[in-house]
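Descriptive structure summary
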Amino acid sequence: MKNSKLIVIALLLAVVVMSCKDSQKSVQKETSDSAIFESKVIESAIAYQKAGGKAEFIEGEVLQITDENYAHAETAKNYRNWMVKGANEGISHLRIMAPRGEKAPTVQMNHDCLYSVAITKVVNGKISFEIPEDVLVYTSVQVIDQYGHGQHYIVTKGRHTVKLDTADGTTHAFLIFRSGLEKGIEVAKENQNKLTTWGLVSGDFKVPNYDFAAVDAKTDKLRSEVVGKAFYYTFPRNEKDVTDRHQWNLECALGWGGASPIVNESNLYSNSKMYSGKKSYTTTFMNPESVYFSSITVYDARRYLFEDEAVKNVNSNTWVVNSDNTVTISFNCGEGAINNIDTKGQDYTFTVRYYGVTDQVVRANNKDAVPNRLNPMFMMEELKK
């Protein structure tokens, strides 16, 4: 009887061991199939791309573009553009200010910061990342899901694990690390060097196989709708918050990757209408006094930075404030004009960004706002020569 019991116990142990081995093989196979590997630092996004960076696509027929899937397709395009710069392998640093013209990987980038990007897998509904304690300049991390929604905007130092709403099918997140340029580009680069791969799960994202030529065509059509008027962003935090699909498509076309405004923490954006570069304009508005800084950047009709490097932006780290605590921004008013932006005769639209927006600015800058001195769009005036 004792021997038979020992045999039974031995058989049970053997089954448990075999089960563990099978389970381990299954996990190894799953990891192998999904190609997850240790995240690394891509020292130069540009160098990575020049060396032959590629994006891997989901197999199958080409997906056609509709109003319902446009935001997902435009987001897939941006994931693709950064995959070829190494973002699927870890954190990829763009060591230069945002490229000008259509060389830019994302529409309406700015010269307020240097960008670093990572694509990370959502695990058990969460993702993780780090803002080191010893950063040198303004540093933030924005979390964008696969439908273009900025679900989180983090400026607090430390290690963060945040939940993602995955009800729409999101499996990965696009992380934008911003290193501020308030102390110059060399310090911003040093700040990038402090960023880590802690918490990132890299390597297994594949791009949905959309018709990207059709995506670009729809983007151009959407942009053409708002050339003659100011545009205000809402940036809904997830798909459930989208109440107006067309409005959301316009937001993705005009400024993909923006943040949902959180008072005193994240950003607010607004776009002007198109203006003639052959005329002189000024706008004088109350100092917005954002927690971090504010900026005004000019763009061409397609919402890209002008190719001409002489066309600069202006921000509150350097702009001159009037004695009554207002700010005057000049457009094509000559070298002696206060806070002048020279577009070299080119027509332009400008975008105002408030990093760490105040509550009063949020209330003064939206599609339902009445004319007020906290909104630069309302204060534009042509200078008669």
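First, a word on scope: everything that follows refers to the structure included in this document.

Thresholds, definitions, all that
- Residues numbered from 1 in each chain as written.
- Predicted model: local features only at pLDDT ≥ 70, side-chain atom pairs only at ≥ 80, totals over all residues.
- Heavy atoms only, no water.
- Axes fitted to C-alpha atoms, helices over the stretch in contact; angles between N-to-C directions.
- Helix = DSSP H or I, 4+ residues; strand = E, 2+ residues; numbered from the N terminus.
- Parallel < 35°, antiparallel > 145°, perpendicular 65-115°, else oblique.
- Contact = heavy atoms within 4.5 Å.
- Nonpolar A, V, L, I, M, F, W, Y, C, P; charged D, E, K, R; others polar.
- Disulfide = S-S within 2.5 Å.
- Buried < 20%, exposed > 50% of the residue type's maximum accessible area, 1.4 Å probe, protein only.
- Phe/Tyr/Trp six-rings, centres within 6.5 Å; stacked < 30°, edge-to-face > 60°.
- Salt bridge = Lys/Arg side-chain N within 4 Å of Asp/Glu carboxyl O.
- Pairing = 2+ DSSP bridges.

The next subject is the packing of helix α5 (residues 212–224) against helix α6 (residues 245–255). Viewed as axis vectors pointing N to C, α5 and α6 meet at an angle of 105°, and their least axial separation amounts to 9 Å. With respect to their mutual orientation, α5 and α6 come out roughly perpendicular. Touching Thr219, Leu222 and Arg223 of α5 are His246, Asn249, Leu250, Ala253 and Leu254, all from α6. Grouping the amino acids of the contact of α5 with α6 by side-chain chemistry returns four nonpolar, three polar and one charged.

The next thing to look at is the state of the cysteines. Under the definition given, this model contains zero disulfides. You can see Cys252 has no disulfide; the closest cysteine sulfur is in Cys113, sitting 19 Å from it.

So, on to the environment of Tyr275. As for its placement among the helices and strands, Tyr275 is situated in the loop between β10 (267–271) and β11 (281–286). What makes Tyr275 buried here is its relative accessible area of 10%. On a C-alpha basis, the gap between Tyr275 and Glu382 in space is 10.0 Å, while along the polypeptide they are 107 residues apart.

Per the stated rule, a full pass over the model turns up 18 aromatic pairs. Taken together, a centroid distance of 5.7 Å and an interplanar angle of 85° make the contact between Tyr138 and Tyr355 edge-to-face. Highlighted residues: Tyr138 in the loop between β4 (126–131) and β5 (139–144) and Tyr355 in strand β16 (residues 349–355), separated in sequence by 217 residues. Residues Tyr138 and Tyr355 agree in their burial class; the two are buried.

Okay, the pattern of salt bridges next. Tallied over the full model, the rule gives 21 salt bridges. A salt bridge links Lys206 to Glu56, with the shortest nitrogen-to-oxygen separation between them at 3.4 Å. Of this pair, Lys206 sits in the loop between α4 (185–194) and α5 while Glu56 sits in the loop between α2 (45–50) and α3 (70–83), placing them 150 residues apart in sequence. Classification of Lys206 by relative accessible area gives partly exposed; the value is 39%. What you see here is one network of salt bridges that share partners, running through Glu102, Asp220, Arg223 and Arg302.

With that settled, consider the environment of Trp248. Assignment of secondary structure puts Trp248 in helix α6. The exposure class of Trp248 is buried, given its relative accessible area of 2%. Placed 155 residues apart in sequence, Trp248 and His93 show a C-alpha to C-alpha distance of 29 Å. Among residues more than four places away in sequence, those in contact with Trp248 are Ala71, Tyr147, Gly148, His149, Phe235, Pro236, Glu239 and Val242.

Here the focus is the sheet that holds strand β3 (residues 113–121). Pairing within the open sheet is mixed, and its six strands lie in the order β1-β2-β3-β8-β5-β6. Every other strand in the sheet has two partners, leaving β1 (40–42) and β6 (150–154) as the edge strands with one partner each. Averaged over all adjacent pairs, the angle separating strand axes in this sheet is 20°, with direction ignored. Two strands pair when backbone bridges link them, and β1 and strand β2 (residues 90–93) are joined in this way by three bridges, in the parallel orientation. Residue pairing in the sheet places Val41 in a bridge with Ile91 of β2.

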